[in-house]
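Spelled out from the first residue to the last, the chains are:
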Amino acid sequence: MSGVTVEYHIDTSDALRLLDEIKTKMKSYVVPLTEGATFLQRQFGFNFDSQGSQVGGWPVLSPVTAAYRIKHGLPGPGPMLVETGALKAALFGMRPRIGFRTAEMSVTGKVAKFHQYGTVHMPAREIMFVPKGFAGLMARKTLGHILPGPTFSGLLP
């Protein structure tokens, strides 16, 4: 049996093309970040419209605040955080700032800060929050962005 050679050639060109595609996609996360920001904005809106149901419900208004609202032509007990409509408009109209690797969302104005964090005389009524499961959602969106096609779908949590 001398003189017989067994050869096996390994072609890595497909794997290298796949790695190049992954490397290119890892330069920018705009797509999953935009999807995440859109999801958060919907959650914030639902939370606002449902008076804080996403964060366990907002504390009820104090009797003094309810009386003030009635005196000024507003419904006494609620809806909360809707005196002029400016805060709701700012929340629903916010424009996330999406970069290649980060996203920022903010509602501007002193009123938003007071409601979000509370004051000495007013409890916090959280309008922006991180929903349960959001980190997992973003991990799946990011992996789906980086890893092409259904080949890697079994890796997604």
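Further up the page is the structure itself.
In this report, the structure presented in the accompanying data block is examined.

Each value, and the rule that gives it
- Residues numbered from 1 in each chain as written.
- Predicted model: local features only at pLDDT ≥ 70, side-chain atom pairs only at ≥ 80, totals over all residues.
- Heavy atoms only, no water.
- Helix = DSSP H or I, 4+ residues; strand = E, 2+ residues; numbered from the N terminus.
- Rg over C-alpha atoms; globule rule 2.2 N^0.38 Å.
- Buried < 20%, exposed > 50% of the residue type's maximum accessible area, 1.4 Å probe, protein only.
- Contact = heavy atoms within 4.5 Å.
- Areas by Shrake-Rupley, 256 points an atom, 1.4 Å probe, with all protein chains shown as cover.
- Lys, Arg positive; Asp, Glu negative; His and termini not counted.
- Charge placed at Lys NZ, Arg CZ, Asp CG, Glu CD.
- Axes fitted to C-alpha atoms, helices over the stretch in contact; angles between N-to-C directions.
- Parallel < 35°, antiparallel > 145°, perpendicular 65-115°, else oblique.
- Left-handed = near helix turned anticlockwise from the far one by under 90°.
- Nonpolar A, V, L, I, M, F, W, Y, C, P; charged D, E, K, R; others polar.
- Salt bridge = Lys/Arg side-chain N within 4 Å of Asp/Glu carboxyl O.

### Let's talk about the overall build of the chain
Next up, step 1: For the chain, the count of helices and strands is six helices and two strands.
Next up, step 2: Rg of the C-alpha trace for the chain: 25 Å, well past the compact-globule value of 15 Å for 157 residues, more than 25% over.
Next up, step 3: Each of the three principal axes of the chain carries a C-alpha extent, and together these read 105 × 25 × 25 Å.
Next up, step 4: Put simply, the chain has 157 residues, and 28% of those count as buried.
Next up, step 5: Looking at the chain alone, contacts between residues at least 24 apart form 61% of all its contacts between residues at least 6 apart.
Next up, step 6: Carbon and sulfur atoms make up 63% of the accessible area of the chain, which totals about 10700 Å².
Next up, step 7: Once the 17 positive and 10 negative side-chain charges of the chain are each reduced to a mean point, those two points are 16 Å apart.

### Some remarks on the packing of helix α2 (residues 30-49) against helix α6 (residues 134-146)
Next up, step 1: Taken N-terminus to C-terminus, the directions of α2 and α6 make an angle of 150 degrees; their axes are 9 Å apart at the nearest point. The pairing of α2 with α6 is recorded here as roughly antiparallel in orientation. Crossing hand, α2 versus α6: right-handed. For the pair α2 and α6, the contacting residues are Val 31, Pro 32, Leu 33, Glu 35, Gly 36, Phe 39 and Leu 40 in the first and Phe 134, Leu 137, Met 138, Lys 141, Thr 142 and His 145 in the second.
Next up, step 2: For the contact of α2 with α6, the class distribution of residues is eight nonpolar, three polar and two charged.

### Thoughts on the pattern of salt bridges
Next up, step 1: As enumerated under the stated definition, the model contains five salt bridges in all.
Next up, step 2: A salt bridge links Lys 25 to Glu 21, with the nearest nitrogen and oxygen atoms 3.6 Å apart. Of this pair, Lys 25 and Glu 21 are both found in helix α1 (residues 13-25), four residues apart, which corresponds to roughly one turn of the helix.
Next up, step 3: Looking at Lys 25, the relative accessible area reads 27%, which means it is partly exposed.
Next up, step 4: The class for Glu 21 is partly exposed, based on a relative accessible area of 35%.
Next up, step 5: When the shortest N-O distance is used, the salt bridge between Lys 88 and Asp 49 registers 3.1 Å. In this pair, Lys 88 sits in helix α4 (residues 86-93) while Asp 49 sits in helix α2, placing the two residues 39 residues apart along the sequence.

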